[in-house]
Amino acid sequence: MPRRLLSLLLAPTRLLLALRALLARAALAVAAVASGVAFSLWGVALLLRRGPRATLGWHRRDTAPPGLADGTFGEHRHLRLQGSGLRLHYVTRGPPGAPLVLLLHGFPQNWFCWRHLMQEFSPRFRLVALDLRGYGDSEKPPGRDSYGLELLLGDIRDVIEALGTPAGTPRCVLVGHDWGGVLAWEVASRHPQLVEKLVVMDAPHRGVMAGFVARHPSQLLRSCYMFLFQLPWLPELLLSLADFQVSAVPSLSPRSHLK
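Computed from a predicted structure; not experimentally measured. (Residues numbered from 1 in each chain as written. Predicted model: local features only at pLDDT ≥ 70, side-chain atom pairs only at ≥ 80, totals over all residues. Heavy atoms only, no water.)

Peer 1: Can you lay out the overall build of the chain for me, pointing to particular residues and giving the numbers?
Peer 2: In terms of regular secondary structure, the chain is built from 10 helices and six strands. Its C-alpha atoms put the chain at 65 × 60 × 35 Å along the principal axes. Across the 259 residues of the chain, 37% fall into the buried class. The long-range share in the chain, meaning contacts at least 24 apart out of those at least 6 apart in sequence, stands at 67%. Carbon and sulfur atoms form 63% of the exposed surface of the chain, whose accessible area is close to 15600 Å². (Helix = DSSP H or I, 4+ residues; strand = E, 2+ residues; numbered from the N terminus. Buried < 20%, exposed > 50% of the residue type's maximum accessible area, 1.4 Å probe, protein only. Contact = heavy atoms within 4.5 Å. Areas by Shrake-Rupley, 256 points an atom, 1.4 Å probe, with all protein chains shown as cover.)

Encoded structure:
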């Protein structure tokens, strides 16, 4: 079949795909603006209720909270990744030769959210609580393009290959929560040879999320903060109000959205 004829036959499909992508971007932009307006109204209400000093003031903290930077919950280490070259921070606890349990935190968290599990399971496993790129003491490359899904999955793959058990045949028990759970799903499906067992909390597989939202539109309201984060500078400003008391925002409270 001549190439020109084939191109003509495919033209309607290409046009529909382009139109679909355009509509998706437009819907995302509308949702982002709507979320920005809604959360800005919350910020104004907070300003009126607490006053400028309490709303805009920050309390300087010269020392880290107990257990966050010391060795209370494990040994703090850094790993230079082979693929990206980034330097990621992690905390490890447990016998060096024990099976690896890799813990992936959610948003907006870091390794510290796993501290209780690390104490509970460290007698039998070697637990590694990772700070994903951009979080905690891990490096934070600039630009949105530095946080694409493929790059994040590459980071986790490099960590498993570097720290996996036993040496030479890297495998792990992969545990993820929230955004870390989404990444855990993807790593297990794309690289099953790296994952012996998978534990996911509060994170549906991407393949079922769209269908769930279609049947439960209220989930969009519970997850509207994701649209807010598509805007420049405004999310950072809103989240810093009242000395970073994020729990004051109902839809950003961990108990108020389903995932």
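Peer 1: Can you lay out helix α5 (residues 179-190) for me, pointing to particular residues and giving the numbers?
Peer 2: Relative to the 16 Å expected for 12 residues at 1.5 Å per residue, α5 spans 17 Å between its end C-alpha atoms, a close match to the ideal helical length. Among the residues of α5, those classed as buried are Gly180, Gly181, Val182, Leu183, Ala184, Glu186, Val187 and Ala188. Where the residues of α5 are buried, they touch β3 (100-104), α4 (149-163), β5 (172-177), β6 (195-201) and α6 (206-215). (Expected span 1.5 Å × (residues − 1).)

Peer 1: Can you lay out the sheet that holds β3 for me, pointing to particular residues and giving the numbers?
Peer 2: In spatial order, the strands read β1-β2-β4-β3-β5-β6; together these six strands make up an open sheet with mixed pairing. Both outer strands of the open sheet, β1 (75-80) and β6, are each paired with one neighbouring strand and no more. Going across the sheet, the axis of each strand differs from the next one's by a mean of 25°, ignoring polarity. Relative to β3, α4 is tilted by about 160°, and along the sheet it contacts β1, β2 (87-93), β3, β4 (126-130) and β5. (Pairing = 2+ DSSP bridges. Axes fitted to C-alpha atoms, helices over the stretch in contact; angles between N-to-C directions.)

Peer 1: Please set out the UniProt feature "transmembrane region" (unreviewed entry) in the chain residue by residue, giving values where relevant.
Peer 2: Residues annotated by UniProt as "transmembrane region" (unreviewed entry) correspond here to residues 28-48. In residues 28-48, helix accounts for 100% and strand for 0%; the two terminal C-alpha atoms are 30 Å from one another. (UniProt positions renumbered as here; feature names shortened; annotations may be inferred.)

Peer 1: Quick one: what's the story with the side chain of Ser146, residue by residue and with numbers?
Peer 2: Mapped onto the elements, Ser146 comes out in the loop between β4 and α4. Excluding its chain neighbours within four sequence positions, the residues that come into contact with Ser146 are Arg133, Pro141 and Leu151.

Peer 1: Could you give an account of the packing of aromatic side chains, naming the residues involved and the relevant values?
Peer 2: Tallying each qualifying case throughout the model produces five aromatic pairs. Taking the centre distance of 5.2 Å and the plane angle of 50° together, the rings of Trp58 and Phe244 count as tilted. Taken together, the residues Trp58 in the loop between α2 (52-56) and β1 and Phe244 in helix α10 (residues 241-244) connect sequence positions 186 residues apart. Look at Phe244 and you get partly exposed, because its relative accessible area is 45%. For the ring pair Tyr225 and Phe229, a centre distance of 5.9 Å and an interplane angle of 65° mean the geometry is edge-to-face. Taken together, Phe73, Trp111 and Phe112 form an aromatic cluster joined through their ring pairs. (Phe/Tyr/Trp six-rings, centres within 6.5 Å; stacked < 30°, edge-to-face > 60°.)

Peer 1: Can you break down unusual backbone geometry residue by residue, with the values?
Peer 2: For the peptide bond that leads from Phe107 to Pro108, omega is -5°, which places it in the cis range. Unusually for a residue other than glycine, Asp178 sits at a positive phi of about 60°. Structurally, Asp178 can be placed in the loop between β5 and α5. The class for Asp178 is buried, based on a relative accessible area of 7%. Positive phi, close to 55°, is recorded for Ala242, a residue that is not glycine. Of note, Ala242 is situated in helix α10. For Ala242, a relative accessible area of 2% puts it in the buried group.

Peer 1: Break down the domain arrangement of the chain for me, with residues and values.
Peer 2: The domain boundaries assigned to the chain delineate domain 1 (13-57 + 217-246) and domain 2 (66-203). Look at where the C-alpha atoms of domain 1 and domain 2 centre, and you get two points 29 Å apart. (Domains from an automatic or database assignment.)

Peer 1: So what about the environment of Arg25? Which residues, and what values?
Peer 2: Relative to the helices and strands, Arg25 resides in helix α1 (residues 3-50). By relative accessible area, which is 55% here, Arg25 ends up exposed. Sequence separation between Arg25 and Ser189 is 164 residues; the distance between their C-alpha atoms is 27 Å.

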